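Remarks on the overall topology
The chain contents come next:
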Amino acid sequence: MNRIKDLRKNLFGGATSNARQFGMISTLVAIVLLFQIWTGGLTLTSGNLIAVVSQYSYILILAIGMLMVIVAGHIDLSVGSVAAFTGIVVAKGMEAYSLPWPLGIVLGLLVGALIGAWQGFWVAYVGVPAFIVTLAGMMLFRGGNQYIGNADTVPVPEGFREIGAGFLPEVGPDTGYNNLTLFLGLAACAGMVWREWKARQTRREMNANVAPAWITGIRLAVILGVIVFATLRFAGGRVGTSLPVSGIILIILVLAYSYYTRNTIGGRHIYAVGGNARAAELSGVKLKRVNFVVMMNMSVLAALAGMIFVARSAASGPQDGLSWELDAIAAVFIGGAAVSGGLGTISGSIVGGLVMALLNNGLQLEGVGSDMVQIIKGFVLLLAVAFDVYNKSQGRFSIIGALMRPFRREEPAAPVVPADLAAPAAPVIPVVPASDPDKTPVTG
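Here goes a summary of the coordinates provided.

Analysis parameters
Residues numbered from 1 in each chain as written. Predicted model: local features only at pLDDT ≥ 70, side-chain atom pairs only at ≥ 80, totals over all residues. Heavy atoms only, no water. Helix = DSSP H or I, 4+ residues; strand = E, 2+ residues; numbered from the N terminus. Buried < 20%, exposed > 50% of the residue type's maximum accessible area, 1.4 Å probe, protein only. Contact = heavy atoms within 4.5 Å. Areas by Shrake-Rupley, 256 points an atom, 1.4 Å probe, with all protein chains shown as cover. Axes fitted to C-alpha atoms, helices over the stretch in contact; angles between N-to-C directions. Parallel < 35°, antiparallel > 145°, perpendicular 65-115°, else oblique. Left-handed = near helix turned anticlockwise from the far one by under 90°. Core = buried A, V, L, I, M, F, W, Y, C linked by side-chain atoms within 4.5 Å. Phe/Tyr/Trp six-rings, centres within 6.5 Å; stacked < 30°, edge-to-face > 60°. Expected span 1.5 Å × (residues − 1). Nonpolar A, V, L, I, M, F, W, Y, C, P; charged D, E, K, R; others polar. Arc of directions from axis to C-beta. Patch = residues over 30% accessible without salt bridge, like charges linked within 9 Å, V, L, I, M, F, W, Y side chains within 5 Å. Salt bridge = Lys/Arg side-chain N within 4 Å of Asp/Glu carboxyl O.

1. Side note on the overall build of the protein chain
- A tally of regular secondary structure across the protein chain gives 17 helices and 2 strands.
- Going through the 444 residues of the protein chain one by one, you find that 44% of them count as buried.
- Across the protein chain, every contact between residues at least 6 apart in sequence was considered, and the portion connecting residues at least 24 apart equals 79%.
- In the form shown here, the protein chain has an accessible surface area of approximately 23600 Å², with 67% of it arising from carbon and sulfur atoms.

Next up, the structure:
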């Protein structure tokens, strides 16, 4: 019995901090198994997995930036329009002005940074709510896309297409697999083993509780098994295909932003602002700078996502970016982010994005119409949030409630005294508060 409790508590890093993500991982596994059976084994084929990463990598990139925006207590409705606007600017620059494609990528990132600085200025320094600023941006940059492109498609050169439609090249001896993908898989396995060993060493040095070795072994076996399976699938695709370049970009971003949000002062400031902006500011957090950075970062990632999509499509078009913001927001909330801000992880958002991507892919493999796909995706998003809210309202175990418990301070209830035994009430002396409590942000 004790072993079962230890397993539940320590298998994925704790019973509270990762409980929501564990639920989403279980949902992802269930969806994969369901469609693997329903499609007759097509879901987990090399070709389909490669297509999923290639088709949805730009949404997962958007989810990384959107997670930081939502954690900080904001929302960004302009990411699809920013992506489309950047795509048409870069495509026009390369077509009309013969701009080399590497400079085209730099131009796109600069356009994203300028747009982000524009929107961040209004949010951070003028005080306009991000919802309004980005709603205006959604209309402004969608119109800019139509104006610059004359509502027409603009092709991009072959070299530029590699970031969206390229794959790792074939190098080395003929092993029947893509050797570079095998190497990356091996490096990922070694990195996970080192990370686990380092984490145990750190906890020992801090005299903290260390999970039993057998639980660590089970956790590593599960994670390494998934990495090996994915590596063989991506490396074993048809000749000329392997891990997409867009997938490599996504992996780099996930690692970089996970480290930033978890291990740097700037990353922790984002969570502090989302949890309680006033308390964070009184603690020395530069509130305006944090809000400016998250909005600017979101637009840069939106520009990158737009260029990857244009590269994969081989042209920029007037319909690019439609409803991308909705998919990114859905991925973040399904991945466990709190609506009020302050809670959420990069890895959780990626899991949420994969849930939506594989759900969409599986339904398409079965020939389900786009109308029903949208209906089902909407229900999944609604149920993912409503389930936790319902449990909390019924006094049952609530994952979000459990995550928030360490941040709450509950006063003990006053004892009930019968009226005939109660002492006369003392006169009440009004106390003037130092600040208006109604304006104090609620901890996310």
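Having put the structure on the table, let's press on.
2. Quick look at the packing of helix H3 (residues 46-71) against helix H15 (residues 346-365)
- Put simply, H3 and H15 touch, their axes get as near as 9 Å, and they point 140° apart. Classified by the angle between their axes, H3 and H15 sit oblique to one another. Where H3 crosses over H15, the two elements pack in a sense that is right-handed. Between H3, through Asn48, Val52, Tyr56, Leu60, Ala63, Ile64 and Leu67, and H15, the contact on the second element is made entirely by Ile346, Ser349, Ile350, Gly353, Leu354, Ala357, Leu358, Asn360, Asn361, Gln364 and Leu365.

3. Description of the nonpolar core
- Formed by 69 residues in total, the largest nonpolar core has its most connected members in Leu62, Ile64, Met66 and Phe160.
- Excluding its chain neighbours within four sequence positions, the residues that come into contact with Leu62 are Val79, Met298, Leu301, Ala302, Ala305, Trp324 and Ala328.
- In terms of nonpolar packing, the next biggest core, distinct from the first, is built from 24 residues, Val53, Tyr56, Ala330 and Val373 among them.

4. As for the environment of Val355
- Turning to its location among the elements, Val355 is positioned in helix H15.
- Relative accessible area serves as the criterion here: at 1%, Val355 is assigned to the buried category.
- Measuring from C-alpha to C-alpha, the distance between Val355 and Val29 comes to 8.9 Å, with 326 residues separating the pair along the chain.
- Among residues more than four places away in sequence, those in contact with Val355 are Met24, Leu28 and Ile31.

5. Details of the packing of aromatic side chains
- What the rule picks out here adds up to 9 aromatic pairs.
- On the basis of an interplanar angle of 55° and a centroid distance of 5.5 Å, the ring pair of Phe85 and Phe141 is categorised as tilted. Of this pair, Phe85 sits in helix H4 (residues 79-96) while Phe141 is found in helix H6 (residues 130-149), placing the two residues 56 residues apart along the sequence. Phe141 matches Phe85 in its accessibility class, with the two residues each being buried.
- Between Trp118 and Trp122, the aromatic rings sit 5.6 Å apart at their centres with planes inclined by 75°, giving edge-to-face as the arrangement. Of the two residues, Trp118 and Trp122 both sit in helix H5 (residues 101-126), 4 residues apart, roughly one turn of that helix.

6. Here's the deal with helix H9 (residues 213-235)
- Over its 23 residues, H9 runs 32 Å from end to end, which matches the ideal 33 Å to within 8%, given 1.5 Å per residue.
- Listed as buried for H9 are Ile215, Thr216, Arg219, Leu220, Ile227, Thr231, Phe234 and Ala235.

7. Details of the packing of helix H11 (residues 265-275) against helix H13 (residues 287-313)
- Look at H11 against H13: their axes get within 10 Å of each other, and the N-to-C directions meet at 105°. Between H11 and H13, the angle is such that the two are roughly perpendicular. Only Leu287, Val290, Asn291 and Val294 of H13 make contact with H11, whose side of the interface consists of His269, Ile270 and Val273.
- Looking at the contact of H11 with H13 residue by residue, the classes come out as 5 nonpolar, 2 polar and no charged.

8. A look at unusual backbone geometry
- Despite not being glycine, Ala151 shows a phi value in the positive range, around 55°.
- On the secondary structure map, Ala151 appears in the loop between H6 and strand E1 (154-155).
- Positive phi, normally seen in glycine, also occurs at Ser323, with a value near 65°.
- Here Ser323 shows up in the loop between strand E2 (315-316) and helix H14 (324-334).
- Exposure remark for Ser323: the relative accessible area of 39% places this residue in the partly exposed category.

9. Things to note about helix H10 (residues 245-263)
- With 19 residues, H10 should reach 27 Å at 1.5 Å per residue; the first-to-last C-alpha distance of 27 Å fits that figure.
- For H10, the set of buried residues is Ser246, Gly247, Leu250, Leu253, Val254, Tyr257, Ser258 and Thr261. Considered in projection along H10, the buried side chains sweep an arc of 130° and stay on one side of the axis. Residues of H10 that are exposed and angled more than 90 degrees away from the buried face: Ile252, Leu255 and Tyr259.
- The secondary structure elements touched by the buried residues of H10 are H3, helix H7 (158-165), H11, H13 and H15.

10. A short note on a nonpolar patch on the surface
- A grouping of Trp118, Phe121, Trp122, Tyr125, Val126 and Leu140 is seen on the molecular surface, where their side chains present a nonpolar patch of about 600 Å² in accessible area.
- By residue number, the principal contributor to the nonpolar patch is H5, which donates 5 residues.
- Mapped onto the fold, Leu140 is located in helix H6.
- What makes Leu140 partly exposed here is its relative accessible area of 48%.

11. Let's talk about the pattern of salt bridges
- Per the counting criterion, the structure on display carries 3 salt bridges.
- Across the salt bridge formed by Glu158 and Arg161, the nearest N and O atoms sit 3.3 Å from each other. With Glu158 and Arg161 both in helix H7, this residue pair falls 3 residues apart, about one helical turn.
- On the accessibility criterion, Arg161 (26% relative accessible area) is partly exposed.
- The salt bridge involving Arg219 is made with Glu196; its shortest N-O contact spans 2.5 Å. Highlighted residues: Arg219 in helix H9 and Glu196 in helix H8 (residues 179-205), separated in sequence by 23 residues.
- Using a relative accessible area of 11% as the deciding quantity, one classes Arg219 as buried.

12. Examining the environment of Val293
- Mapping Val293 onto the fold places it in helix H13.
- Between the C-alpha atom of Val293 and that of Phe121, which follows or precedes it by 172 residues, the distance is 9.7 Å.

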